[in-house]
Amino acid sequence: MVPPSSSMDPSPPPSWFTPKRLLIIFCVINMINYVDRGAIASNGVNGSSETCDDKGICKSGSGIQGEFDLTNFQDGLLSSAFMVGLLVASPIFASLAKSYNPFRLIGVGLSVWTLSVAGCASAFSFWFFAICRMLVGVGEASFISLAAPFIDDNAPVSQKTAWLAMFYMCIPTGIALGYVYGGYVGGYFHWRYAFWGEALLMLPFAVFGFLVKPLQLKGFSPVESKKALASVETVSSVTDDSKASKLDGRMLVGGDGIIGDELSKTSKSESIHNILNQLSRFAKDMKVLLVDKVYVVNVFGYIAYNFVIGAYSYWGPKAGYNIYHMKSADMLFGGVTIVCGILGTISGGFILDRMGATISNAFILLSGATFLGAISCFSAFCLRSLYGFIVLFAVGELLVFATQAPVNYVCLHCVRPSLRPLSMAISTVSIHIFGDVPSSPLVGILQDHINNWRDTALILTSILFLAAGIWFIGVFLHAVDKSNDGSQPVSTPRITSRKPLLDGNVDESLCEV
């Protein structure tokens, strides 16, 4: 009889795996995700609608907007439609990770992403395109929820936040490459080829997620052991029922003597039972997250932070054009954001590792960098000089982007390993629903009311002080790093205490389980 503890021994890593190779693969996938975000927003892919002059001479539109004759409202819906799928599917994938191998779930998500992007390339109407964009968000949800825990598991202890920083640095880099890629392909070929190219780039990674031996995520038991234990519990529950031990005069021995109707009923009841278990487990896990003060404070600060960053990305060029009369506000704001995003994100990860990667130090860095960044950005919008504004705003964005790795480090380390996917999913959902999604229209309403872009920018920037204050509260909380907590052991049925199914005919495989 094999000792129960042996079922919990970690399996050896697959032959293809090394930590650096995993980081590179995930960084490339993340880059492709955000290349898509930049491409659909680029002039070459997004295009423009048909325009007519006073003489009635019309110039045909270009890109997606021109081909489907979209209004600006419809065009805006397409750019954010992926968010619907992302927000709905992120908690679902995080919950499924407890029943299915997380690495395989990433493969499922990337497959959905690839097929959806190919659907965008072959779209024949606005609504078909919008549905495909929603499914792109569904595919991205699995990766967003599960990739960071895999990186955290396999990064060197002294470089965990640096590795997370490299992963999140792919966001501004990918968007920048997407602008260039979409502009080039859409300008010289056709906007549809941009999406076909993205699908071809992602296809090998989707296939990779299914064909190779999957990695195991810390805090989750191998799926094979769960299936074996489930089969043991099913057989045990049948044999325990003395009244059900005979049916129509026949003995129920193991799985061979069970009549088909009985198996069908058992299968249906198990399916319903599994669904109820999933919902019950999700509710319990959500309760654990919502009562965790460290997690809640971290996410609230992240929401306030993302509220400002989302509005900056949408309204920044227009505000800069109106305040400082910039000739190329798009290029200036875009260039500053990309450079500061890359340098700031990487710097934040390395600084936290040098300080000592703890939750308390992460809150110190989050509050300090955000506070100093808020001062720089606020001062920048107070200046009358364009060059002074550029310098101070660049310094502010460099400091503000240094929070990317530390804030996700807290999300991963303030919960036990089995809750990390849900932690990342709920964090993502929260910062979008309460952060960047409502910030752009709310700032638009504010500007319509006060009709002064400088005042609007200053009011918006002041919310960064709120984010810094919320994260500063986290410094004083009792924070315990739970990332090294052992996974919850799977209970092993005590078969030895039961009577054998038939004397001398006990299934040895059940004893091994």
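You'll find the structure just up there.
Residues numbered from 1 in each chain as written. Predicted model: local features only at pLDDT ≥ 70, side-chain atom pairs only at ≥ 80, totals over all residues. Heavy atoms only, no water.

Participant: Pulling in residues and values, what's your account of the overall build of the chain?
Facilitator: A tally of helices and strands in the chain yields 19 helices and 4 strands. Taking all 513 residues of the chain together, the buried fraction comes to 47%. Counting contacts in the chain only where the partners sit at least 6 residues apart, residues at least 24 apart contribute 80% of the total. Within the structure as shown, the chain displays about 25200 Å² of accessible surface, and the carbon and sulfur contribution to it stands at 65%. (Helix = DSSP H or I, 4+ residues; strand = E, 2+ residues; numbered from the N terminus. Buried < 20%, exposed > 50% of the residue type's maximum accessible area, 1.4 Å probe, protein only. Contact = heavy atoms within 4.5 Å. Areas by Shrake-Rupley, 256 points an atom, 1.4 Å probe, with all protein chains shown as cover.)

Participant: So what's going on with the packing of aromatic side chains? Residues and values would help.
Facilitator: Evaluation of the coordinates by the stated rule reveals 29 aromatic pairs. Plain terms: the ring middles of Phe103 and Phe208 are 6.3 Å apart, the flat faces sit at 70° to each other, and that makes the pair edge-to-face. In this pair, Phe103 is assigned in helix H6 (residues 102-121) and Phe208 in helix H9 (residues 191-211), connecting sequence segments 105 residues apart. Within the aromatic cluster, the residues linked to one another by ring pairs are Trp16, Phe17, Phe26, Phe103, Phe143, Phe150, Phe167, Tyr168 and Phe208. (Phe/Tyr/Trp six-rings, centres within 6.5 Å; stacked < 30°, edge-to-face > 60°.)

Participant: Please provide a residue-by-residue account of the pattern of salt bridges, values included.
Facilitator: This structure, assessed with the given rule, holds 6 salt bridges. Ionic pairing is found between Arg416 and Asp285, a salt bridge with its closest N-O pair at 3.9 Å. With Arg416 in the loop between helix H16 (404-413) and helix H17 (420-450) and Asp285 in helix H11 (residues 260-290), this residue pair connects regions lying 131 residues apart in the sequence. Residue classification places Arg416 among the partly exposed residues on the basis of a relative accessible area of 23%. Taken together, the shared-partner salt bridges connect Asp152, Asp153 and Arg420 into one network. (Salt bridge = Lys/Arg side-chain N within 4 Å of Asp/Glu carboxyl O.)

Participant: Let's hear about the side chain of His432: which residues, and what values?
Facilitator: Summarising the element assignment, His432 is placed in helix H17. Given a relative accessible area of 11%, His432 falls into the buried group. Here the side chain of His432 touches Asp436 through a polar contact of 3.0 Å, side chain to side chain. Leaving out residues up to four positions away in the same chain, His432 has contacts with Met83, Leu86, Leu87, Asn306, Val437 and Pro438. (Polar contact = N/O pair within 3.5 Å; in protein donor to acceptor, adjacent residues only side chain to side chain.)

Participant: Run through the packing of helix H5 (residues 82-96) against H17, naming residues and quoting values.
Facilitator: Look at H5 against H17: their axes get within 8 Å of each other, and the N-to-C directions meet at 155°. Comparing the axis directions of H5 and H17 gives the class roughly antiparallel. Here H5 and H17 pass one another in a crossing that is left-handed. Residues Met83, Leu86, Leu87, Ser90, Pro91 and Ala94 of H5 form the contact with H17, whose participating residues are Pro421, Leu422, Ala425, Ile426, Thr428, Val429, His432, Ile433 and Val437. Here the contact of H5 with H17 is composed, by residue class, of 12 nonpolar, 3 polar and no charged. (Axes fitted to C-alpha atoms, helices over the stretch in contact; angles between N-to-C directions. Parallel < 35°, antiparallel > 145°, perpendicular 65-115°, else oblique. Left-handed = near helix turned anticlockwise from the far one by under 90°. Nonpolar A, V, L, I, M, F, W, Y, C, P; charged D, E, K, R; others polar.)

Participant: Got a sec to walk through the side chain of Ser367? Specific residues and values, please.
Facilitator: Topologically, Ser367 is positioned in helix H14 (residues 359-382). From its side chain, Ser367 meets the backbone oxygen of Phe363 in a polar contact 2.9 Å long.

Participant: Describe the packing of helix H1 (residues 19-41) against H6, with residues and values.
Facilitator: Two numbers describe how H1 lies on H6: the axes approach to 13 Å, and their chain directions differ by 30°. As the angle between them shows, H1 and H6 are arranged roughly parallel. As for the relative orientation of H1 and H6, their crossing is left-handed in sense. Residues Leu22, Phe26, Ile29, Ile32, Asn33 and Asp36 of H1 form the contact with H6, whose participating residues are Phe103, Ile106, Leu110, Trp113 and Val117. Of the residues belonging to the contact of H1 with H6, the class tally is 9 nonpolar, 1 polar and 1 charged.

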